[in-house]
Each structure stands twice: as structure tokens, then as C-alpha cells.
Number of protein chains: 2
Amino acid sequence: MKSDTNPTRRSFLRAGLAGGAAIAGGAGGAFAAGDPLITEIQDWNRYLGEGVDARPYGSPSQFEAHVVRKNVPWLTSDAVSSVNFTPLHELDGIVTPSGLCFERHHGGIAEIDPAQHRLMINGMVEKPLVFTMADLKRFPRENKLYFLECAANSGMEWRGAQLNGCQYTHGMIHCVMYTGVPLRTILEEAGVKPEGKWLLAEGADASAMTRSIPLEKAMEDCMVAFGMNGEALRPEQGYPIRLVVPGWEGNMWVKWLRRLEIGDEPWHQREETSKYTDLLPNGKARRFTYVMDVKSVITNPSPQAPITHGKGPLVISGLAWSGNGRINRVDVTTDGGRNWHTARIDGPALPKALHRFYYEFDWDGSELFLQSRAIDEDGFVQPTKDELRSVRGSNSIYHNNGIQTWYVNKDGGIENVEIS
Amino acid sequence: MKSDTNPTRRSFLRAGLAGGAAIAGGAGGAFAAGDPLITEIQDWNRYLGEGVDARPYGSPSQFEAHVVRKNVPWLTSDAVSSVNFTPLHELDGIVTPSGLCFERHHGGIAEIDPAQHRLMINGMVEKPLVFTMADLKRFPRENKLYFLECAANSGMEWRGAQLNGCQYTHGMIHCVMYTGVPLRTILEEAGVKPEGKWLLAEGADASAMTRSIPLEKAMEDCMVAFGMNGEALRPEQGYPIRLVVPGWEGNMWVKWLRRLEIGDEPWHQREETSKYTDLLPNGKARRFTYVMDVKSVITNPSPQAPITHGKGPLVISGLAWSGNGRINRVDVTTDGGRNWHTARIDGPALPKALHRFYYEFDWDGSELFLQSRAIDEDGFVQPTKDELRSVRGSNSIYHNNGIQTWYVNKDGGIENVEIS
């Protein structure tokens, strides 16, 4: 047996047991008599459970019923033009379960019959085309893991610490494996005319969502996706097809996609003029702020997931991402930025996808100010909220990628705060 | 705009349109009047859909209700000791949705309250331990994508082509992202004594499943997993914890894990003697055939997913995997092995995980005999079924990794066949 040289592991040994209870005289193979933790034989060990015919499509345990998307009723006037939030504090790894991906829609969820659905390509093309779903599945396809973040994620934080929990401050993000056809393949089938420089994507829902996208991006890495996490797209994510615009704001990822028009200039639709632009202190607005900048958040512990086990080994866990590509490094501080420690990035580090980081820490029971700070492969460093406000004021709703602070009290309770 | 140099793409152009219908005079931005494909405004474009409060935990579209796990009632005498199968022909990419992961259990699904569940480490250890779920979550954790294949997957095929569909011939496999603690970490916390060479893993379900695992494997890459695809394990996959034994037969991945005992020799439990051993022609049985050998299958088209669009561009898609590590190459034949073509492996190629392959092909409408053949990074080549039988006879149930053949008739209908 090899000896262990992992420094994280050593810190465990220094701190003693991670919480496991020692069994007196437990060696031998039988359950140790008298230990209340283990002598109970539970019903699930005595009685047969459900058979394989019970759940043709499975669902989570009844004991996970609290792990759900949540909306904030007072945020919007109606649930059909609103948002619910991914419970990031209950999740791990980098894949978001499809049933827990945040949803934002502007006219409710279109429930589309795929046999009736069509995708039309028109405008400045050699050959306008209409595709059925079956047509689209005859093109070479690809599978890519990408994060999707709403431009308004953390938008309340422009005005200071507000909602208490990373589900609400950062939960307008998810990351799934998309299956689909590169948009470039479809556009080349229609043949874009030389004067074509922009693309209009239009949804088939009641809001007929429309966004303008530069042709260069469309040809680079966009997809027309029909699958997520191995199966068909979910209705609230655009079933049967959505546009995937890697690294760019979620509103551009038009769901229930029914039309792609090629033009020579942007259309200036509602969602790229009065909305999804950032009002600056001088009264001007930033236009076409597409890229979601480098960002991170500690998901555990956090206000909805306080520390309940007292002092000793604590796993600090979080997510980092950048619309520019991969994350190179994540730093974690427990003292509000006086000292920073390099976190461990776990799992495949894929461009424009969520990255999971961990920082294993030995908590001494004192107050903490937890923060994380991500740095992407282009060298961009996640700013503080004050740094952001010094440039962009606090009128904005969108593109807040500032460093988040969680205050941990001596009992392990946690609050969303700001420190200067 | 760059010109396209992808050979797959060129074959599309040679074959003409992939199925898209041309619109007469379609340029201009409005739907082309008179084309029945697109002039219909559907209800989902006219009426508001469900709001964000409708589905706290989402589910697939009503139009995907046919995409489910299926059992074969005559295979077993009771559904509580049985199997249902992953609908591989309906899936894409390499992540299996949690709700569609095949399940095999021997005493029904244990519905465990995680607050009551304990994991005990005993036997030849310095310090026997009992962990709560909260304890386990204080150790450093990792996230890994691994396939899990039942040793009996394709077991019916030993006696010739049987069930008609890859869901039934190959559907005892899934591939998810696990979150958990390396088993090594937990064993080192207890301290394995020098004489400890084997591990017994025991489940808390009504069958109290037990399997012996060499300590070397336990220390190499096994995990005690509490998460799958970002969320908690599903009940039928061992909630709240299961053992992950990468690349090895699924039965060893003990679900509802409650005990790990260290010993100096294997235990020879029922599931590693009378079951999960392979009877050879000479009457002897192979013992401890742990590794799932290199294997692949074409998932589309296949008997449950025939070709319905006639001649022209056709995406042939499938899965390949090896318990030894990565897949290096997949070959596809359309003429029963006379000519082999290298398939395109898509997406991250991760060790002991599913790999997705595609072969884009221009179907001329003639009969086909489709096969795929995988080669892993150790150089192992997937054998034919006849090659397997020449060594191991046809008494076996387990470890059939032979090449699968689908016969395609001129109408696109498909059958499971064998050719010599």
C-alpha cells in the first residue's frame, strides 16, 4: 500500500477523523453490537422494493424533494414572463440535471409538436430552405458541453447584496451537453450571399423572441441543438430545437427556433435595445455586450447550505466559467481577500463550460468572509463589485461578474454581504 | 466566409440537399406565402404557455413519452429481481439521462432515508469506522464520467440473434458523471492492515448484494459516489451511495452501499460463484472476469429506429467503450465486413466512459449489413461473435462483446441478424 502524499489528505490526518465514529471492537465482519448507529436494521433491508416496471422514466428520491428550481414571485408581474433559478447549492460536478436547469421565458413554455415544427432559412441566401426535424438529423452532428448564463444573472447585486442564496444570486446558469448540427453547416447548405453579415434568430413561442447575431459568431461555434444531456431538449429549453451561442448571453440562445434570416446589419429588436443593454452613469447604454465575462461563485457553503457540522474539515466548493474559453485558475479566500489560496479544479476543463473547483479547508470555528476569484485562459481576472461599479455605475441589470462574498458566523450560518 | 474542406460536408453537396425544401422566392424575411410547410401559425405561437412556476422539477416533452426504459417480462419471473433497458436508439452524445439509465436489482429498489443511512468500514483495518452521509461529504471529492455495463449485456446473443433492438441487445449500459469520494481516501482513514488484500462491498437493499473486490482495484480508481449527473443518485442507482468500480462489471458497483469489509481473500458469495461466472464448453467456469472488454454498437439506424427518409445522406451513429481505458478507433462497415471505414469519434474521449461515433454515409437504397468494431488504447480489437464462441462456447450469459450486425432492407426496415 502506497503512502499518501496529498497535502489535502495530510490536513485531514492533522485534524483527526473527518467525523467517522470509531467502533469499539468492530473488527471481525459483523455489525458491532450496541452501536446505535449501525444495529438498526431498516425496512429497506427487510422488505422488497419497487420493481423495474415501476418507473419507465425515473425521478429523484422522495428525500430530495426540496431540490427544485425556484422562482421569486415579486421579481416579475407574471410567471409566463419570468425566471426560475437553478439550485446550485444542491448540485455538484459540471453537468446540470435537465430537470433543474433554470428557465427564462417571455411568453410561457411553447409545447411544440416536432412533426409540425419547421426551421426556415431566408434573407440573403442563395437558396432559401425549410427543414423538418427529420431533415436536420441527416446532417453531421456534434456534442458539446457549454454553460448558458442569463445576462441578468447576479443583476440584483448591482445595488448591493440582496437575495440570500447562490440559487438566487447566481442560479440563472446551467451547463449541459448539447447535441446538434453546427449552424455553419446549415447556413452553407443555404449559401450565404457575400453581403450577408448578420443573422436574425426567431423563436416559435408566443413572444416570438428575436435576436441579431454577427455572422462571424454564427459560423464559428454556434449550433442548432435538438438534444441536451443525451435526450431531446426539454420543453422549457426550446424543444424541439434551440440555438446554442457558446459563451454569449443566454437571451441570444433562441429557443423553439423557427427561423434564421441573413441580413447585412443588425435588426435592433426590442431584446437588444430596450433590454439586454447596460445603462451607464452618463446616460448612454452599452450596445451588444454579448460575451459573458469570467466569473465564479462558491456554492457550498452558502446561505442556503450553512455549515452544520462544526469545526474541522470543510469542503468549499464552487463553479467558475468564462465566455472566452477555459478557466485557468480559481483562487479562494476565507478572510475577505487578505489571503488567497489556489483552488483545485476538478474534472474535464472544457472551453465555455462550467468548471468545478474545490478548496478543502480546516475550519477553526471563527467568522469567515468567503470569496472566489476566477482567471480565464485569456488572462481576464474576475473583478470586485466595486471595481465594476467604478466603471459602469449601478444602473445596470446585466453583466455583473463581480466577486461574491458570503459571511459565515461562528455557528456556521451564512449571509450574502458586501465588504470594501 | 471560409470555404468548407470537410470531406463529410462534400459528400452532402454531391448528394444534393439533405432534405430541406426550397422556397420559391423566399428571400426577404417574411414567410413565403403558399408553402404549406411554413404558412401555418401554430397554437404555440398564438397562446401563452406554462409559466416558470409550473414545473419545479422538469420532465420531458409529452411528444417524447415513448422514450422510456423497458423491461422484457418473460426474461425474469418477477420485476423486483429483474432489469429494464436504456433506450440507446433514442439517445445521443455520451451522457445518459438519469431517468433513462437501465436498472438491475435483486430485491427491488431500496428507498433509503439518507439521515438514517450509515457506511461501515470493518475487518482488517486499524480503526473500524461508521460514517454518516454528512461525514462522507467532508472528504475531498471528485467527479468522473464512467460507463456502467452489466456483465450480462448482450447475453442473449451467445445463442444467436435474438431480441430486435439495441435497447434490448445492448441497453444494460449507461454513462453518467459521478460525484463522490475516492474509495482510497476512506480506506486510508480506517487504515488497511498489511494482510488486507480484498474488499467486500455490501448493499443495504433486501438482497444485501455482496461482491469481493481486489484491494489493488479499490485503491486505484474506485469511488463511493453520492451524486450522478450533478444531482443526488437516483433511488434505483443506489441512493444515497453506491460503489463505482470503473471499467468492471456492473454487478460489482454495489448500490445502497452500507458496509466495506477488508479481508485477506475473496468471499465467494453467490454473485461471484453461481452467478457472474462464465461456463465454458469443458464444464469449467471462468472465475473473476471483472473487466468489461472493448465493445461497440450502432444505435442508429437500428431495428427500433429504421431509416424512414429513403436514399441519400444518412447519419450512422453508435457507442463504443472499453473497461481498459479509452477507445482509439471505431470502424464501421455497411457490407458485412468486406469494407471498413474509420468512424468519427465525437466529444471528449474519457477513459472508461462511453465514446460516441458517427459515420456519415450516402445510402443508395440497397440492402446493408451494418457493423461497428472498436479498438481500445491497449490495442484490444472487438471480436466477432463466432470468434468468441470458438474460445468460450455458447453456454455463457456474461461478457459477450461480439460485433453486432443489423440487416437493412431496401425499405429501410432493420433486423438483428448474424452473418458468417
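Given the structure is predicted, the values throughout are model-derived calculations rather than measurements.

Asks: Even after reading the chapter, I still don't get the domain arrangement of chain A, so can you show me in this structure?
Replies: Interface size, as often reported, equals the accessible area lost upon joining of the parts. Residue and element names in this part refer to chain A. Each assigned domain of chain A is listed here: domain 1 (109–160 + 174–286) and domain 2 (295–417). Put simply, the middle of domain 1 and the middle of domain 2, counted by C-alpha atoms, are 30 Å apart. Between domain 1 and domain 2, the contact holds 28 residues from the first and 24 residues from the second. Roughly 2300 Å² of surface becomes buried between domain 1 and domain 2 when both sides are summed, with 54% attributable to carbon and sulfur atoms. Sorting the residues of domain 1 by area buried against domain 2 places Phe 147, Glu 157 and Trp 158 first, and these three jointly supply 35% of that buried surface. Taken together, the connections running from domain 1 to domain 2 amount to 5 salt bridges. The shortest N-O distance in the salt bridge between Glu 157 and Lys 385 comes to 2.6 Å. Among the elements of the structure, β7 (142–149), α6 (215–220) and β15 (278–279) are those that each provide at least two residues to the side of domain 1 that touches domain 2. Element by element, the count of residues in the side of domain 1 that touches domain 2 is highest for β7, at 4 residues. Of the residues that constitute the side of domain 1 that touches domain 2, the class distribution is 12 nonpolar, 6 polar and 10 charged.

Asks: Please clarify how the packing of aromatic side chains should be interpreted in this entry.
Replies: Centre distance and the angle of the planes are the two values used to describe a pair of aromatic rings. According to the stated counting rule, one finds 20 aromatic pairs over all chains in the structure shown. Their ring planes at 55 degrees and their centres at 6.4 Å tell us that Phe 147 of chain A and Trp 321 of chain A sit as a pair that is tilted. Of this pair, Phe 147 of chain A sits in strand β7 while Trp 321 of chain A sits in strand β18 (residues 312–321), and the two are 174 residues apart along the sequence. Summarising the aromatic geometry, the rings of Tyr 276 of chain B and Tyr 398 of chain B are spaced 4.8 Å apart at their centres and angled 25 degrees between planes, so their arrangement reads as stacked. Taken as a pair, Tyr 276 of chain B in the loop between β14 (257–263) and β15 (278–279) and Tyr 398 of chain B in the loop between α7 (385–392) and β24 (405–408) lie far apart in primary sequence, 122 residues in all. Three or more aromatic residues link up through ring pairs in this structure, and these residues are Trp 198, Trp 248, Phe 288 and Tyr 290 of chain A.

Asks: What is the right way to look at the UniProt feature "domain: Moybdenum cofactor oxidoreductase dimerisation" (unreviewed entry) in chain A in this model?
Replies: According to UniProt, the "domain: Moybdenum cofactor oxidoreductase dimerisation" (unreviewed entry) feature falls on residues 287–404 of chain A. Counting secondary structure, residues 287–404 of chain A comes out at 7% helix and 39% strand; the distance between its end C-alpha atoms is 26 Å.

Asks: I'm lost on the UniProt feature "domain: Oxidoreductase molybdopterin-binding" (unreviewed entry) in chain A in this one. Help?
Replies: When the UniProt feature table is mapped onto this chain, "domain: Oxidoreductase molybdopterin-binding" (unreviewed entry) is found at residues 106–267 of chain A. Taken end to end, residues 106–267 of chain A is 14% helix and 34% strand, and its two terminal C-alpha atoms sit 19 Å from one another.

Asks: What's the story with the interface of chain A and chain B in this structure? I'm lost.
Replies: Tallying the contact residues gives 129 residues for chain A and 129 residues for chain B. Taken as a group, Trp 44, Val 52 and Arg 138 of chain A account for 9% of the area that chain A buries against chain B, more than any other trio of residues on that side. Our count for the chain A to chain B interface comes out at 4 salt bridges. Across the pair Glu 111 of chain B and Arg 55 of chain A runs a salt bridge, and its minimum N-O distance is 2.3 Å. In terms of residue count, the dominant contributor to the side of chain A that touches chain B is helix α5 (residues 183–190) of chain A (4 residues).

Asks: Is there a simple way to think about the sheet that holds strand β4 (residues 103–105) of chain B in this case?
Replies: Strand-to-strand pairing in sheets goes through backbone hydrogen bonds, with the strands running parallel or antiparallel. Residues and elements named next belong to chain B. Here we have 3 strands laid out as an open sheet, ordered β2-β3-β4, and antiparallel in their pairing. The sheet terminates laterally at β2 (70–71) and β4, the two strands that pair on one side only. Looking at chain direction, strand β3 (residues 82–85) and β4 are connected through 3 bridges and run antiparallel. Counterpart to Asn 84 in the pairing with β4 is Glu 103.

Asks: Would you mind showing me how to read the pairing of strand β8 (residues 173–182) of chain B here?
Replies: Regular strands have side chains that alternate between both faces of the sheet. All names here are of chain B. For β8, a buried count of 10 out of 10 residues is recorded, marking the element as mostly surrounded by other parts of the structure. The sheet contact formed by strand β7 (residues 142–149) and β8 spans 8 bridges and is antiparallel. When the sheet's bridge partners are listed, Tyr 146 is paired in β8 with Val 176.

Asks: Any chance you could explain unusual backbone geometry here in plain terms?
Replies: The phi angle of most residues is negative, glycine excepted, and most peptide bonds adopt the trans form. Residue and element names in this part refer to chain B. Looking along the chain, the bond that leaves Tyr 239 and enters Pro 240 is cis, with omega of 5 degrees. Tracing the backbone shows Pro 240 in the loop between β12 (231–232) and β13 (242–244). Residue Lys 352 is not a glycine yet carries a positive backbone phi of 60 degrees. Examined against the element boundaries, Lys 352 turns out to sit in the loop between β21 (344–346) and β22 (355–363). In this structure Lys 352 comes out as buried when scored by relative accessible area, which is 12%.

Asks: Help me understand the nonpolar core, please; the structure alone is not making it clear to me.
Replies: Within soluble globular proteins, side chains that are nonpolar tend to cluster in buried spots. Among the nonpolar cores identified, the biggest contains 72 residues, and Leu 145, Ile 316 and Leu 354 of chain A together with Leu 145, Ile 316 and Leu 354 of chain B are the most heavily contacted of them. When near neighbours in sequence (up to four residues on either side) are disregarded, Leu 354 of chain A contacts Ile 94, Phe 147, Ile 173, Cys 175, Leu 319, Ala 320 and Trp 321 of chain A. Leu 148, Ile 241, Val 244 and Leu 257 of chain A belong to the second-largest nonpolar core, a separate cluster that totals 62 residues.

Asks: Would you take a moment to explain the sheet that holds strand β25 (residues 414–417) of chain B for this structure?
Replies: Residues and elements named next belong to chain B. Read from one edge to the other, the open sheet built from 5 strands follows the order β20-β19-β23-β24-β25, with strand pairing classed as antiparallel. At either end of the open sheet lies a strand with only one pairing partner, and these are β20 (341–342) and β25. Of the pairings in the sheet, the one linking β24 to β25 comprises 4 bridges and is antiparallel in character. Counted as the bridge partner of Thr 405 is Val 417 from β25.

Asks: Even after reading the chapter, I still don't get the relation of the copies chain A and chain B, so can you show me in this structure?
Replies: Copy one and copy two of the chain differ by a rotation about a common axis and a shift along it. Of the transformation superimposing chain A on chain B, the axial component is 0.0 Å and the angular component is 180 degrees, with the fit at an RMSD of 0.0 Å. Those values place the two copies in the arrangement expected of a two-fold rotation axis. Comparing contact sets, 100% of the residues at the interface of chain A also lie at the interface in chain B, consistent with an isologous, same-surface contact.

Conventions used here
Residues numbered from 1 in each chain as written. Chains lettered and ligands numbered in written order. Predicted model: local features only at pLDDT ≥ 70, side-chain atom pairs only at ≥ 80, totals over all residues. Heavy atoms only, no water. Domains from an automatic or database assignment. Contact = heavy atoms within 4.5 Å. Buried area = accessible area lost by both parts, 1.4 Å probe. Salt bridge = Lys/Arg side-chain N within 4 Å of Asp/Glu carboxyl O. Helix = DSSP H or I, 4+ residues; strand = E, 2+ residues; numbered from the N terminus. Nonpolar A, V, L, I, M, F, W, Y, C, P; charged D, E, K, R; others polar. Phe/Tyr/Trp six-rings, centres within 6.5 Å; stacked < 30°, edge-to-face > 60°. UniProt positions renumbered as here; feature names shortened; annotations may be inferred. Pairing = 2+ DSSP bridges. Buried < 20%, exposed > 50% of the residue type's maximum accessible area, 1.4 Å probe, protein only. Core = buried A, V, L, I, M, F, W, Y, C linked by side-chain atoms within 4.5 Å. Least-squares fit on C-alpha atoms with pLDDT ≥ 70 in both.

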